[in-house]
Amino acid sequence: MGERNLRRRMLKQADKWAQTAHQGEGPFLFERILPLDDAITLFLKCTGTYWWGRRNFRDVHVVENIVHISRLRGALHELRILHLSDLHLDLDPKLTDVIIEKLKGLDYDLAVITGDFRNSCTSSYAEAMELTGRVIKALHGPRFGILGNHDFIEMVPELERLGLPMLLNESLVLKLRGQRVLIAGIDDPHFYHADDFDAFEKWSWGHDLRVLLSHSPESYALAAKSGFDFMMSGHTHGGQICLPGGVPILRNGNCPPSMLSGPWTYAGLTGYTSGGTGGCGVPVRYFCPPEITIHRMVRGD
């Protein structure tokens, strides 16, 4: 990932561990209110909506997203990519069994996890790694991951030992269905700002499909400029706690509102922001179901 980006990430990790750095942006940083999660839980319990939200949190939906790529050719038509994001499994360990059960029988050619493997940033990640290992074991075929804003660089060796190769501003070429597919992954662009596209520009051409993993959709402009066909992201949780109709109460990402959840396009780039397979802070969801996404590539605009 380069010495400059590693140094930047390590310094921010140290600040986060010391609880002097906050991951929110803008004038109202709710993270600065230390008991925020407890306050939300108390409010929800007092209003009688907490257990409804808890049931929603474990109601994981399998979502199919059709991705139209005009230059797609040959057997890549109908290529299927399984996409998990924002597992945060230490927040609700019982969610692990739900995800594993949902994965059974799913048909896909490639699996990816777009970051945020744990919930807490200031305690041990051992439980999150143990639970994540169970999910990784339930995946088949090629699989890759990237780090999110809740993940420390020290987690990479353990994730790779568990069977999930990690892409840290790196790319490789896979032979899928007889075609060359470029898979690239960048480090977290939201909090660590350690993403680096310079290494991709010379590799982004000459392949049958160019796919990017970015924890947050905030990288959309650079991804389009670098020539990628399709970008998968997460981070926003789709709002997690939303108003009816899926309208998020709080936005979590410096990007257009249309990119906060679901499919979107920008300057020739097709993208998708997962609503998240898990959730963060409080294990509840309202009008924003958790998801396992199957992206199905098809020819055409």
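Here the structure is shown first, and the text comes after it.
If you're wondering where the values come from, they're calculated on a predicted model, not measured in any experiment.

Cut-offs used in this document
In every chain, residue numbers begin from 1 and rise along the written sequence. For this predicted model, a pLDDT threshold of at least 70 governs which residues receive local features, and a threshold of 80 or more governs which side-chain atom pairs are given and counted, while totals over whole chains, interfaces and linings are taken from all residues. Computation of side-chain values covers all heavy atoms of the structure but excludes hydrogens and water. Only DSSP runs of H or I reaching four residues or more are called helices, and only runs of E reaching two or more are called strands; each is numbered from the N terminus. Two N or O atoms count as a polar contact when they lie within 3.5 Å, although within protein this holds only if one can serve as hydrogen donor and the other as acceptor, and sequence-adjacent residues are included solely when both atoms are side-chain atoms. Any two strands with at least two DSSP-identified bridges between them are counted as paired. In this analysis, axes come from line fits to C-alpha atoms, helices being fitted only over the stretch in contact, and the angle between any two N-to-C directions falls in the range 0 to 180 degrees. Whether a residue is buried, partly exposed or exposed follows from its accessible area with a 1.4 Å probe, protein chains only, as a fraction of its type maximum: under 20%, in between, or over 50%, in that order. As used here, the arc is the angular range of directions from the helix axis to the C-beta atoms. Throughout, a residue-residue contact means that at least one pair of heavy atoms, one from each residue, lies within 4.5 Å. Salt bridges are counted wherever a side-chain nitrogen of Lys or Arg sits within 4 Å of a carboxyl oxygen of Asp or Glu. Between 30 and 60 degrees the pair is tilted, below 30 it is stacked and above 60 it is edge-to-face, where a pair is any two Phe, Tyr or Trp rings, Trp via its six-membered ring, whose centres lie within 6.5 Å. Only when the NZ atom of a Lys or the CZ atom of an Arg is both within 6 Å of the ring centre and within 35 degrees of the ring normal do we say a charge sits over the ring.

Caption draft 1: Quick peek at the side chain of His 150. With respect to the helices and strands, His 150 occurs in the loop between strand S4 (143-146) and helix H6 (156-161). In this structure the side chain of His 150 is engaged in a polar contact, spanning 2.6 Å, whose partner is the backbone oxygen of Asn 119.

Caption draft 2: Here's a closer look at the sheet that holds strand S12 (residues 269-273). Read across the sheet, six strands follow the order S5-S6-S7-S8-S12-S11 without closing on themselves; strand pairing throughout is mixed. Both edges of this open sheet fall to strand S5 (170-176) and strand S11 (262-266), since each of them pairs with a single strand only. On average, each strand axis in the sheet is inclined to that of its neighbour by 20°, with strand direction left out of account. Direction of pairing for S5 relative to strand S6 (residues 179-185): antiparallel, over a ladder of seven bridges. Paired with Leu 176 across the two strands is Gln 179, which belongs to S6.

Caption draft 3: Main features of helix H4 (residues 95-103). Buried residues of H4: Leu 95, Thr 96, Ile 99, Ile 100 and Leu 103, and no others. Buried residues of H4, viewed axially, fall in a sector of 135°; they line one side. Among the structural elements, helix H3 (50-57), strand S2 (80-84), helix H5 (126-137) and strand S13 (291-299) are those in contact with the buried residues of H4. Count one or two residues on from H4 and you reach Gly 105, which has phi positive near 80°.

Caption draft 4: Fine view of the environment of Asp 38. With respect to the helices and strands, the residue Asp 38 is situated in helix H2 (residues 36-46). C-alpha of Asp 38 to C-alpha of Ala 75: the two residues are 37 residues apart in sequence and 51 Å apart in space.

Caption draft 5: Quick peek at the sheet that holds S4. If you walk across this open sheet you meet the five strands as S1-S13-S2-S3-S4, and the pairing is mixed. For this open sheet the edge positions go to strand S1 (61-69) and S4, each flanked by a neighbour on one side alone. Neighbour-to-neighbour, the strand axes of this sheet turn through a mean angle of 20°, independent of strand direction. In terms of strand pairing, strand S3 (residues 110-114) meets S4 through four bridges, oriented parallel. Bridged to Ala 111 within S4 is Arg 143.

Caption draft 6: Molecular detail of the pattern of salt bridges. Per the stated rule, a full pass over the model turns up 12 salt bridges. Across the pair Glu 64 and Arg 296 runs a salt bridge, and its minimum N-O distance is 3.2 Å. Note that Glu 64 is positioned in strand S1 and Arg 296 in strand S13, a separation of 232 residues in sequence. The class for Arg 296 is buried, based on a relative accessible area of 16%. Between Asp 208 and Arg 73 there is a salt bridge, with its nearest N and O atoms 2.6 Å apart. Taken together, the residues span a long stretch of sequence, with Asp 208 in the loop between S6 and strand S7 (209-213) and Arg 73 in the loop between S1 and S2 at a distance of 135 residues. One salt-bridge network, in which partners are shared between bridges, spans Glu 64, Glu 78, Arg 80 and Arg 296.

Caption draft 7: Region of the structure containing the environment of Gly 234. Tracing the backbone shows Gly 234 in the loop between strand S8 (230-233) and strand S9 (242-243). Assessed through its relative accessible area of 0%, Gly 234 is described here as buried. Along the backbone, Gly 234 and Asp 116 are 118 residues apart, and their C-alpha atoms lie at a distance of 8.9 Å. Look past the residues within four positions of Gly 234 in its chain and what remains in contact with it is Ser 85, Asp 86, Thr 114, Ser 214, His 215, Ser 216, Pro 217, Thr 273 and Ser 274.

Caption draft 8: Representation of the packing of aromatic side chains. Following the criterion strictly, the structure yields five aromatic pairs and no others. Consider the rings of Trp 52 and Phe 287, whose centres lie 5.7 Å apart with planes at 80°: the pair is edge-to-face. Of the two residues, Trp 52 is situated in helix H3 and Phe 287 in the loop between S12 and S13; the sequence distance between them amounts to 235 residues. Ring centres of Tyr 220 and Tyr 266 lie 4.9 Å apart, and the angle between their planes is 85°; on these two criteria the pair is classed as edge-to-face. On the criterion of sequence distance, the pair formed by Tyr 220 in helix H7 (residues 220-225) and Tyr 266 in strand S11 is long-range, its members being 46 residues apart. Given the relative accessible area of 18%, Tyr 220 is considered buried. In textbook terms, an aromatic cluster arises when at least three aromatic residues are bridged by ring pairs, as seen for Trp 52, Tyr 286 and Phe 287. Sitting over the face of the ring of Tyr 50, Lys 45 holds its NZ or CZ atom 5.0 Å from the ring centroid. Across from the ring centre of Phe 152, 4.5 Å away, lies the NZ or CZ of Arg 118, which sits over that ring.

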